[in-house]
Amino acid sequence: MKQPIVNCPHCGKIIVWDTSNRYRPFCSERCKMIDLGQWASESYRIPDAETDTEKPNEDVFKDEQ
């Protein structure tokens, strides 16, 4: 069976997905630790729709009254 080839999520280096790579899906401990640090500092975030700074268009509410 041919082993899959993937890109390191951090640096993009091409690596073979192998159980002998203890850092997979990363290419090295360095890339793994950088990614962990980004998670810990909350750099990876999904924008919250409820905290949107835009106010609703007031003209829409005038038409409904």
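Residues numbered from 1 in each chain as written. Predicted model: local features only at pLDDT ≥ 70, side-chain atom pairs only at ≥ 80, totals over all residues. Heavy atoms only, no water.

Some thoughts on unusual backbone geometry
- Going from Arg 24 to Pro 25, the amide bond is cis rather than trans, its omega being 15 degrees.
- With respect to the helices and strands, the residue Pro 25 is situated in the loop between strand 2 (14-16) and helix 1 (29-40).
- At Glu 42, a position not held by glycine, the phi torsion is positive, near 60 degrees.
- Relative to the helices and strands, Glu 42 resides in the loop between helix 1 and helix 2 (58-64).
- When its relative accessible area of 47% is taken as the criterion, Glu 42 is described as partly exposed. (Helix = DSSP H or I, 4+ residues; strand = E, 2+ residues; numbered from the N terminus. Buried < 20%, exposed > 50% of the residue type's maximum accessible area, 1.4 Å probe, protein only.)

Examining the state of the cysteines
- For the structure on display, the rule yields 0 disulfides.
- In this structure Cys 11 is not part of a disulfide, and its nearest cysteine sulfur, from Cys 27, lies 3.6 Å away.
- You can see Cys 31 has no disulfide; the closest cysteine sulfur is in Cys 27, sitting 3.7 Å from it.
- Accessibility expressed as a relative area gives 2% for Cys 31, which makes it buried. (Disulfide = S-S within 2.5 Å.)

Any link to function would need more than the numbers given here.
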